[in-house]
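# Per-entry structural report
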Amino acid sequence: MTPSTTTRGDGPALLRAISATLPGLRLLTDPLDRESHRRDETAYLEAGLPLAVALPETTEEVAALVALCGEHDVPIVPRGAGTGLSGGAAGIEGALTIAFTRMNRILDIDHGNLTVTAQPGVVNADLKAAVAAEGLFYAPDPASYETCTIGGNLGTNAGGLCCVKYGVTRDAVLGLEVVMAEAAELRLGGKNVKDVAGYGLIPLLVGSQGTLGLVTEATLRLRPTPPPRATVLAFFPTLEAAGAAVAGLTSAGLGPVTLELMDRFTIRAVDDVHRLGLDRDAAAMLLVESDLPGDAADAEIVAADGVCGAAGATLVIRAADAQEAEWLREGRRLAYRALEARGAARMEDVGVPRSRIPEMLRAIEAIAARHEMTIGTFGHAGDGNLHPTFVIDRDTESPEAIARLEAARADLYEAALGLGGTVTGEHGIGAARREWLVRQRGQAAVDVMRAIKRALDPADLLNPGRVLA
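In every chain, residue numbers begin from 1 and rise along the written sequence. Per-residue local features are limited, in this predicted model, to residues with pLDDT of at least 70; the limit for side-chain atom pairs, both in listing and counting, is 80 or more; totals at the level of whole chains, interfaces and linings are taken over all residues. The side-chain figures draw on all heavy atoms in the structure; neither hydrogens nor water molecules are used.

### Concerning the packing of helix 1 (residues 11-21) against helix 3 (residues 59-72)
Across the interface, helix 1 lies against helix 3 with an axial gap of 10 Å and an inter-helix angle of 150°. As far as their axial angle goes, helix 3 and helix 1 are roughly antiparallel. Between helix 1 and helix 3 lies a crossing whose hand is right-handed. Across the interface between the two elements, Ala 13, Leu 14, Ala 17, Ile 18 and Thr 21 from helix 1 touch Leu 65, Leu 68, Cys 69 and His 72 from helix 3. Class assignment for the residues of the contact of helix 1 with helix 3 results in seven nonpolar, two polar and no charged. Only the contacting stretch of a helix is used when fitting its axis, a line to C-alpha atoms as for every element, and angles between N-to-C directions run 0 to 180 degrees. To qualify as a helix, a DSSP run of H or I must reach at least 4 residues; to qualify as a strand, a run of E must reach at least 2; elements of each kind are numbered from the N terminus. Orientation categories follow fixed angle ranges, with anything under 35 degrees roughly parallel, anything over 145 roughly antiparallel, 65 to 115 roughly perpendicular, and all other angles oblique. In this scheme the handedness of a crossing depends on how the near helix is turned from the far one: anticlockwise by less than a right angle means left-handed, clockwise means right-handed. Contacts between residues were defined by any pair of non-hydrogen atoms, one from each residue, lying within 4.5 Å. Residues are grouped as follows: nonpolar covers Ala, Val, Leu, Ile, Met, Phe, Trp, Tyr, Cys and Pro; charged covers Asp, Glu, Lys and Arg; every other residue, Gly included, is treated as polar.

### A look at helix 10 (residues 295-311)
One full turn of an α-helix is made of 3.6 residues, so residues set three or four places apart face in the same direction. Any helix carries an expected span of 1.5 Å times its number of residues minus one. Taking 1.5 Å per residue as the helical rise, helix 10 with its 17 residues ought to reach 24 Å, and the 25 Å between its terminal C-alpha atoms agrees with that figure. Burial status follows relative accessibility: with a 1.4 Å probe on protein chains alone, a residue under 20% of its type maximum counts as buried, one over 50% as exposed, and anything between as partly exposed. Among the residues making up helix 10, those that are buried are Ala 297, Glu 300, Ile 301, Ala 304, Val 307 and Cys 308. Along the axis of helix 10, the buried positions cluster into a sector of 120°, meaning they face one direction only. Those residues of helix 10 that are exposed and angled more than 90 degrees off the buried face are Asp 295, Val 302 and Ala 310. In this description, one arc is meant: the one made by directions from the helix axis to the C-beta atoms.

### Digging into a nonpolar patch on the surface
Taken together, the side chains of Tyr 199, Leu 201 and Leu 204 present a nonpolar region at the surface, about 330 Å² in accessible area. Mapped onto the secondary structure, Leu 204 falls in helix 7 (residues 201-205). Since its relative accessible area comes to 32%, Leu 204 is described here as partly exposed. Nonpolar side chains (Val, Leu, Ile, Met, Phe, Trp, Tyr) are joined into patches within 5 Å and like charges within 9 Å, using only residues with over 30% relative accessible area and no salt bridge. Reported accessibility uses the Shrake-Rupley method at a 1.4 Å probe radius. Residues are deemed covered only where the shown protein chains occlude them. Each salt bridge in this description consists of a side-chain nitrogen of Lys or Arg and a carboxyl oxygen of Asp or Glu lying within 4 Å of one another.

### What about the confidence of the model for the protein chain?
Every residue gets a pLDDT, meaning the predictor's confidence in that residue, from 0 to 100. Across the protein chain, the average pLDDT comes to 94, with 98% of residues at 70 or higher. Scored below 50 in pLDDT, residues 1-5 makes 28 contacts in the model with residues more than four places away or belonging to other chains.

### Considering the environment of Thr 59
Inspection of the secondary structure assignment puts Thr 59 in helix 3. Through-space distance from the C-alpha of Thr 59 to that of Thr 216 is 5.8 Å; in sequence the pair is 157 residues apart. When neighbours within four sequence positions are excluded, Thr 59 is seen to be in contact with Met 103, Glu 177, Val 179, Glu 185 and Thr 216.

### Describing empty space enclosed by the protein
Points on a 1 Å grid over protein atoms alone make up a cavity when a 1.4 Å probe fits among them but cannot get out, and a pocket when they form an open set with protein on both sides within 12 Å along at least five of seven lines; lining residues each have an atom within 4 Å of a point. Grid points are joined across faces, edges and corners, and a volume is the space filled by probe spheres set on the points. Within this structure, the stated rule accounts for two cavities of 30 Å³ or more. In this model, the largest cavity occupies a volume close to 60 Å³. In this structure, the largest cavity is lined by Ala 139, Pro 140, Tyr 166, Gly 167, Val 168, Asp 171, Ala 172, Arg 221, Leu 222 and Arg 223. A per-class count over the lining of the largest cavity returns six nonpolar, one polar and three charged. With three residues, the top contributor of residues to the lining of the second largest cavity is helix 11 (residues 322-333). Of the residues contributing to the lining of the second largest cavity, the split by class is seven nonpolar, one polar and one charged.

### Overview of the sheet that holds strand 5 (residues 106-110)
Two strands in a sheet stick together by hydrogen bonds in their backbones, pointing the same way (parallel) or opposite ways (antiparallel). Pairing between strands is defined by DSSP: at least two bridges between the two strands are required. Reading across from one edge, 5-6-10-8-9 is the order of the five strands in this open sheet, with antiparallel pairing throughout. Lying at the two open borders of the sheet, with one neighbouring strand each, are strand 5 and strand 9 (185-189). The mean angle between the axes of side-by-side strands here comes to 10°, regardless of whether they run parallel or antiparallel. Bridge count for strand 6 (residues 115-118) against strand 10 (residues 214-221) is four bridges, and the pairing is antiparallel.

Below is the structure:
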């Protein structure tokens, strides 16, 4: 369960070649700088120390770096802001980390075609703000949107709070500029809404975590800014009742823009930090939002209120105004940080069909009891993507406690797969879940993935040991 740490190739010769070929490139070789790029948000995973960290500013510089790494057989780790939760951007010993933070320009906002073209280092929140100033809306919104980058979102096919209605990152991608493993520069797609020429390379690359190509530019789908959201919180006496409400909202044909869940432990953690006045005795809470225009939003929220009441909600509260709605939404976004205040937190990322959320919630409770673990559960209930988060006392991270956690984690994945689900809904396989890929997809499917990797990256240059062991 650790990233690859094998040194290969001629690192010193590579560094000399980079200095000679790209004298204007920012190249970090100081041990402290390399150490700061060793890990992503999976601090519990062992990670290698990069040979160096390159900070390119253009596609041409990226292509030159890839070519030089190929000549000297030094692997490449692509990195955005380091907010990933699967180990996909963690360091590999002796590899070159290419950090895209300096490729942070928004190149074009096109009203006529409802697109934005940006480099991978643009922060999600900055892109949202730039297009919002033009009366437009970029939908994908991971909880870490204030710090994560578009490149990282593309790498993991990130989701977010409103993907139940608008889809995940892949659904917003129309075009890519990519540097492939042998330094070829490809332009895929563009601003066309419909384009079926040849194989679908864009869906293949988005979510591949930098193992098939390095994205240097993306053309993304925009929408007109939707109306202000109507927001309600519904509190439930049991997790099962909340799960039944999620299934009921789906079967009723409602399409909220946000449908998020928090369990009691998470509710209390969030309320301790943010003092939102939440019902601390409730077993679960749903955040339900509509962004339909005018009276349609009110109608959708009233219908959702009825479904929640039928499922056993003890209290349903509507936000009084947009500011209050934002506070409630922000509380959900910061659920993980609130759990981190309770101890060492390890967030998981399982998904199940929406109708089976009640069963998954029951399974999580049973796993916590069986392994005597504290698990705070929150997540994107509207699309079946839950984030059970193990919380361990920081002072008792003993080998026994870690072994118990790993056993509970295995039971969690087995429960999700047993319900027809997935071991990752939006964080990616990375290094953290590699051993589960065959279990979920089957050996034949993984063999196909290996064949694609060999065809596109025959020297195993790009992020080796991630996604595929």
